[in-house]
Amino acid sequence: MPRLLRAVDITKIYPKKVDPALTRSCLSIGPGEIVALVGHNGAGKSTLLDILGGLSRPSSGRVDISVPSREIGWCPQREIVDWSLTVEQNIALGLELRQKTRRAERSQLLASIAETMGLIPFLRRTAETLSGGELRRTQIARAIAGEPTLLLLDEPTTGLDPAGIDVVFDHLERRRQGGASAVISTHETSRFAAYCTRVIAMDTGVIVADEPAGAFAKRGDDPDDLWSAYDAIRRGGAAA
């Protein structure tokens, strides 16, 4: 299977920190995968996604990406938007990065993305005036604009209501069927169990499992919740 992304022996050490944030982490992402990145706070998920997305450099190891940077949709956990721009302008930045369109077509695409994310009432508002949930939806809309081949989403469902979470996951499933892939860190482990094709579990900077979603879920007591399997691995009863 061709790979969109490959990380080899990624280690990240921060100054004044005794333990590495990541230790020799390896993974590869192929077309048509939705990968759940599961772990407790401090397990290394955000550090890994920052390195995969190019926001941080590893202390050692390398990341090989076979798609152009414009084909990567990135939604970090922290709020990175252009605060003085409107919601519409923020989404347009993501769209223009990936697609060169005529004005009329661009307006239609922007409206479609905004409608998908429930942002039509906020298009003319600047990012600095948005609530946390509205801002999160704007970040996701910018990341998915232009339908990139690879999505890296760090806690994209934070601040979203259940309907908004379903919208995000439904969009990911539609894009997966078209061959796109996503790596997503989320605490919505029960909802996400029905959508992801694969699970990468992390604990204290180490990847402790990398398996098809069905096989991973069987490790726990509740096959509909990935966290149950993750707890089993951490307890040592189902080591990878």
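Structure: above.
Residues numbered from 1 in each chain as written. Predicted model: local features only at pLDDT ≥ 70, side-chain atom pairs only at ≥ 80, totals over all residues. Heavy atoms only, no water.

Caption draft 1: Up close: the overall build of the protein. What the protein contains, in helices and strands, is 8 helices and 9 strands. The globule rule puts the C-alpha radius of gyration for 240 residues at 18 Å, and the 18 Å found for the protein is close to it. Taken over the C-alpha atoms alone, the protein extends approximately 55 × 40 × 35 Å along its principal axes. Residue burial in the protein is summarised as follows: out of 240 residues, 50% are buried. For the protein, restricting intrachain contacts to residue pairs at least 6 apart in sequence, the fraction spanning at least 24 positions comes to 68%. (Helix = DSSP H or I, 4+ residues; strand = E, 2+ residues; numbered from the N terminus. Rg over C-alpha atoms; globule rule 2.2 N^0.38 Å. Buried < 20%, exposed > 50% of the residue type's maximum accessible area, 1.4 Å probe, protein only. Contact = heavy atoms within 4.5 Å.)

Caption draft 2: Layout of helix α8 (residues 226–235). Burial in α8 covers these residues: L226, S228, A229, Y230, A232 and I233. On its buried face, α8 sits against β3 (34–38), α6 (189–192), β8 (198–203), β9 (206–212) and α7 (213–217). The N-capping residue of α8, defined by a side-chain oxygen 3.0 Å from the backbone nitrogen of W227, is D225. (Polar contact = N/O pair within 3.5 Å; in protein donor to acceptor, adjacent residues only side chain to side chain.)

Caption draft 3: Local environment of the packing of aromatic side chains. One pass over the structure, following the stated rule, counts 3 aromatic pairs. Relative to F192, the ring of F169 has its centre 4.8 Å away and its plane inclined at 15°; by these criteria the two rings are stacked. Here the residue F169 occupies a position in helix α5 (residues 162–177), and F192 occupies one in helix α6, the gap between them amounting to 23 residues. Classification of F169 by relative accessible area gives buried; the value is 0%. (Phe/Tyr/Trp six-rings, centres within 6.5 Å; stacked < 30°, edge-to-face > 60°.)

Caption draft 4: Structural view of the layout of surface pockets. In this structure, the largest pocket occupies an estimated 200 Å³ of space. Taken together, L55, I72, W74, C75, P76, I80, G94, L97, R98, Q139, R142 and A143 make up the lining of the largest pocket. Those elements giving two or more residues to the lining of the largest pocket turn out to be β5 (72–75), α2 (87–98) and α4 (132–144). For the lining of the largest pocket, the residue count by class is 8 nonpolar, 2 polar and 2 charged. Considered as a void within the structure, the second largest pocket measures approximately 170 Å³ in volume. Going through the elements one at a time, α3 (103–116) and α5 are the ones with two or more residues in the lining of the second largest pocket. For the lining of the second largest pocket, the element with the most residues is α3, which contributes 4 residues. Looking at the lining of the second largest pocket residue by residue, the class counts come to 4 nonpolar, 5 polar and 2 charged. (1 Å grid on protein atoms, 1.4 Å probe; cavity = no way out; pocket = protein on both sides within 12 Å on 5 of 7 lines; lining within 4 Å. Points joined across faces, edges and corners; volume = space filled by probe spheres on them. Nonpolar A, V, L, I, M, F, W, Y, C, P; charged D, E, K, R; others polar.)

Caption draft 5: Quick peek at empty space enclosed by the protein. By the definition in use, this model includes 1 cavity of 30 Å³ or more. Of the voids in this model, the largest cavity is the one considered here, and its volume is about 30 Å³. Forming the walls of the largest cavity are L151, L172, R175, R176, A180, S181 and A182. Listed by contribution, the elements that provide at least two residues to the lining of the largest cavity are α5 and β7 (181–185). Residue contributions to the lining of the largest cavity peak at 3 residues, all from α5. The class makeup of the residues in the lining of the largest cavity is 4 nonpolar, 1 polar and 2 charged.

Caption draft 6: Representation of α2 in the model. The end-to-end C-alpha separation of α2 is 18 Å, in line with the 16 Å expected for 12 residues at 1.5 Å each. Within α2, the full set of buried residues consists of V87, N90, I91, A92, G94, L95 and R98. (Expected span 1.5 Å × (residues − 1).)

Caption draft 7: How the structure looks around the side chain of S181. Residue placement: S181 occurs in strand β7. Overall, S181 belongs to the buried group, its relative accessible area being 2%. Aside from chain neighbours lying at most four places away, what touches S181 is L4, I29, G30, P31, G32, E33, T149, L150 and L151.

Caption draft 8: Representation of the pairing of β9 in the model. Sheet topology note: the β8/β9 ladder contains 6 bridges and is antiparallel. Looking at the pairing, R198 lines up with P212 of β9. The antiparallel hairpin formed by β8 and β9 contains 2 residues in its connecting segment, where T204 sits at a positive phi of about 45°. (Pairing = 2+ DSSP bridges.)

Caption draft 9: Representation of the pattern of salt bridges. As enumerated under the stated definition, the model contains 13 salt bridges in all. Note that E147 and R174 form a salt bridge whose closest N and O atoms lie 2.9 Å from each other. Pair noted here: E147 is in the loop between α4 and β6 (150–154) and R174 is in helix α5, with a separation of 27 residues, a long-range link. Given the relative accessible area of 35%, E147 is considered partly exposed. Relative accessible area serves as the criterion here: at 44%, R174 is assigned to the partly exposed category. For R219, the salt bridge identified is with E211, shortest N-O distance 2.3 Å. According to the relative accessible area criterion, E211 is buried, its value standing at 17%. (Salt bridge = Lys/Arg side-chain N within 4 Å of Asp/Glu carboxyl O.)

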